[in-house]
There are 2 protein chains.
Amino acid sequence: MGRDALTVPLIAARAGVTPSTVYRRWGDLRELLSDVAVERLRPDGAPADHGSLRADLEAWAVQFAEEMSSTAGRTYIRDALLGDPEQGNAVRCSDYAAEQLKAIGVRAAGRGEAVPDVETLLDVVVAPLMYRILFRPSDLSAAYTDRLVATVLGRSSAPPTPKS
Amino acid sequence: MGRDALTVPLIAARAGVTPSTVYRRWGDLRELLSDVAVERLRPDGAPADHGSLRADLEAWAVQFAEEMSSTAGRTYIRDALLGDPEQGNAVRCSDYAAEQLKAIGVRAAGRGEAVPDVETLLDVVVAPLMYRILFRPSDLSAAYTDRLVATVLGRSSAPPTPKS
DNA sequence: AGCTTAACGCGAAGAAGTTGCGTCTCGGTC
DNA sequence: GACCGAGACGCAACTTCTTCGCGTTAAGCT
């Protein structure tokens, strides 16, 4: 069935309940889709270990870019952003990325590597990717993501203001 | 009247036409709001001249952050993003920022200053601001925007890959 | 066992979205 | 100057979604 032809009565029928139940629980189709989107955007597991901070970040960024820039990914992002005016679901999406980056950072620190702040990673790697996905149809090639990672690694790797 | 209580029949009545006319022309309330949002997000005029590239960028970034992070601004951004699956309106918003940055850059070049690439400015200054506005409720203080500007000015100011 | 609370189904009423048809106006053409 | 085609709009009927009150059921607690 069509994605944008989705309606609350259809979902209710599929779920075996009446539409009023769905309306009472979620109040709106957008809120429901927003919750669904957040669930779909949740990362599967811990980011893969490639042996070095740079390799981990590059691999993660490439995968992130691919998933988020796909048609399905962009739909989920838009749904997540739209359905919740309180930004709760948007924050959740950002937290997913932050958690993954945090895990990569902890692992790198275990290897003795200098690790950039998560906030810095969000600003330098995630934000440009997301901005381009949402606002500009551009190529998010591995070369581009690698450049972003190189930027953040070439910079002050241990900022004086740790977050935790 | 309530912002989210807006409906096509209301708009049609205000415009003195029948709802079917509005539906035929825009097809959807979201598309209409998207077009309205883009119009509202259009910058008023050329960015102010403060005598130096750094001052111009800082002033522009602060104003941009204030406007976009306000309740009205975020609503417009969301409307613009949401109403157009083809991303045409989102691209338009990004182009607005790019044009402003371009103007600042041209002016700085006229002064003999080294000017960062517009793409770089978008990645380093605009993207983090927009990402935080959309995904993270954080303070977009002047200190933060200044730090973003300092980052982009401290970096390679004339990348080897000019865009135009 | 009896009570409270929350959730659901049901059905009606209201509002929004959709469509086909007729009319009008604006161009261009003979 | 009259005719004709295209596009846009109003009108109205129809479908679908959305909301709401009421009665019922099931779960948890005393």
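Residues numbered from 1 in each chain as written. Chains lettered and ligands numbered in written order. Predicted model: local features only at pLDDT ≥ 70, side-chain atom pairs only at ≥ 80, totals over all residues. Heavy atoms only, no water.

1. Some points on the interface of chain A and chain B
When the parts of a complex come together, some accessible area is lost, and that lost area is often used as the size of the interface. Listed as interface residues are 31 residues of chain A and, on the opposing side, 31 residues of chain B. Roughly 2,900 Å² of surface becomes buried between chain A and chain B when both sides are summed, with 51% attributable to carbon and sulfur atoms. Linking chain A to chain B there are 6 salt bridges. A salt bridge links E119 of chain B to R132 of chain A; its shortest N-O distance comes to 2.4 Å. Between the two partners, chain A and chain B, sit 24 residue pairs in polar contact (both at pLDDT 80 or more). It is helix 7 (residues 118–135) of chain A that contributes the most residues to the side of chain A that touches chain B, 12 residues altogether. Here the side of chain A that touches chain B is built from residues that sort into 19 nonpolar, 3 polar and 9 charged. (Contact = heavy atoms within 4.5 Å. Buried area = accessible area lost by both parts, 1.4 Å probe. Salt bridge = Lys/Arg side-chain N within 4 Å of Asp/Glu carboxyl O. Polar contact = N/O pair within 3.5 Å; in protein donor to acceptor, adjacent residues only side chain to side chain. Helix = DSSP H or I, 4+ residues; strand = E, 2+ residues; numbered from the N terminus. Nonpolar A, V, L, I, M, F, W, Y, C, P; charged D, E, K, R; others polar.)

2. Some words on the side chain of S94 of chain B
Along the polypeptide, S94 of chain B turns up in helix 6 (residues 88–110). The class for S94 of chain B is buried, based on a relative accessible area of 0%. (Buried < 20%, exposed > 50% of the residue type's maximum accessible area, 1.4 Å probe, protein only.)

3. Section: helix 7 of chain A
The periodicity of an α-helix, 3.6 residues per turn, causes residues three or four positions apart to be oriented the same way. All names here are of chain A. Where helix 7 bends most, at V126, the angle is about 40 degrees, and the proline P128 comes one to four residues later. Counting buried positions along helix 7 gives 18 out of 18 residues, so the element sits mostly inside the fold. Of the residues that open helix 7, the one with a side-chain oxygen 2.7 Å from the backbone nitrogen of E119 is D117. (Bend = angle between axes of the 7 residues up to and from the residue.)

4. As for the nonpolar core
The biggest cluster of nonpolar side chains holds 80 residues, and the ones touching the most others in it are I77, L134 and F135 of chain A together with I77, L134 and F135 of chain B. Excluding anything up to four places from it in sequence, I77 of chain A contacts L41, M68, M130, I133 and L134 of chain A together with F135 of chain B. (Core = buried A, V, L, I, M, F, W, Y, C linked by side-chain atoms within 4.5 Å.)

5. Details of the protein's contact with DNA strand D
Neighbouring residues of DNA strand D: 14 residues in total, closest T7 and Y23 of chain A together with T18, T21 and R24 of chain B. Within 4 Å of the protein, the contacting atoms of DNA strand D are drawn from sugar and phosphate to the extent of 71%. Separating a base nitrogen of DNA strand D from a side-chain N or O atom of S20 of chain B is a distance of 3.3 Å. Within the residue set of the surface near DNA strand D, elements represented by two or more residues are helix 1 (8–15) and helix 2 (19–26) of chain A together with helix 2 (19–26) of chain B. Per-element tally for the surface near DNA strand D: the top contributor is helix 2 of chain B, with 4 residues. The class makeup of the residues in the surface near DNA strand D is 4 nonpolar, 7 polar and 3 charged. (Near = heavy atom within 4 Å.)

6. Concerning the relation of the copies chain A and chain B
Structural alignment of chain A on chain B gives an RMSD of 0.1 Å, achieved by rotating through 180 degrees and translating 0.0 Å along the axis. Taken together, the turn and the small shift mark the pair as related by a two-fold rotation axis. No C-alpha of chain A approaches the rotation axis more nearly than that of A127 of chain A, which lies at 2.6 Å. (Least-squares fit on C-alpha atoms with pLDDT ≥ 70 in both.)

7. Describing the protein's contact with DNA strand C
By nearness alone, 14 residues border DNA strand C, and T18, T21, R24 and R25 of chain A together with Y23 of chain B come closest of all. Backbone atoms, meaning sugar and phosphate, form 64% of the atoms of DNA strand C found within 4 Å of the protein. A distance of 3.0 Å separates a phosphate oxygen of DNA strand C from a polar atom in the side chain of T18 of chain A. R24 of chain B places a side-chain nitrogen or oxygen 3.4 Å from a base oxygen of DNA strand C.

8. Topic: the side chain of S34 of chain B
All names here are of chain B. Topologically, S34 is positioned in helix 3 (residues 29–41). The exposure class of S34 is buried, given its relative accessible area of 0%. Within polar-contact distance, the side chain of S34 engages the backbone oxygen of A80 at 3.1 Å.

9. Some details on the packing of helix 5 (residues 71–82) of chain A against helix 7 of chain A
If you want to describe how two helices pack, look at the angle between their axes and the distance between the axes. Residue and element names in this part refer to chain A. Across the interface, helix 5 lies against helix 7 with an axial gap of 11 Å and an inter-helix angle of 95 degrees. By the angle class used here, helix 5 and helix 7 are roughly perpendicular. Taking contact as the criterion, the partners of R74, I77 and L81 in helix 5 are, on helix 7, M130, I133 and L134. In terms of residue class, the contact of helix 5 with helix 7 is made up of 5 nonpolar, no polar and 1 charged. (Axes fitted to C-alpha atoms, helices over the stretch in contact; angles between N-to-C directions. Parallel < 35°, antiparallel > 145°, perpendicular 65-115°, else oblique.)

10. A word on the environment of A98 of chain B
Residues and elements named next belong to chain B. Position of A98 among the secondary structure elements: in helix 6. Owing to a relative accessible area of 13%, A98 belongs among the buried residues under this scheme. A sequence separation of 14 residues divides A98 from G112, and the C-alpha atoms of the two residues are 21 Å apart.

11. Section: the environment of S138 of chain B
Residues and elements named next belong to chain B. With respect to the helices and strands, S138 occurs in the loop between helix 7 (118–135) and helix 8 (142–154). As for S138 and A61, which are separated by 77 residues in sequence, their C-alpha atoms are 15 Å apart. In this structure the side chain of S138 is engaged in a polar contact, spanning 3.4 Å, whose partner is the side chain of R132.

12. Thoughts on the packing of helix 5 of chain A against helix 5 (residues 71–82) of chain B
Interaxial distance between helix 5 of chain A and helix 5 of chain B falls to 11 Å at its minimum, and their mutual angle equals 145 degrees. Our pair here, helix 5 of chain A against helix 5 of chain B, has a crossing hand that is left-handed. From helix 5 of chain A, R78, L81 and L82 of chain A reach across to helix 5 of chain B, where they touch R78, L81 and L82 of chain B. Of the residues belonging to the contact of helix 5 of chain A with helix 5 of chain B, the class tally is 4 nonpolar, no polar and 2 charged. (Left-handed = near helix turned anticlockwise from the far one by under 90°.)

Geometry only, nothing functional implied.
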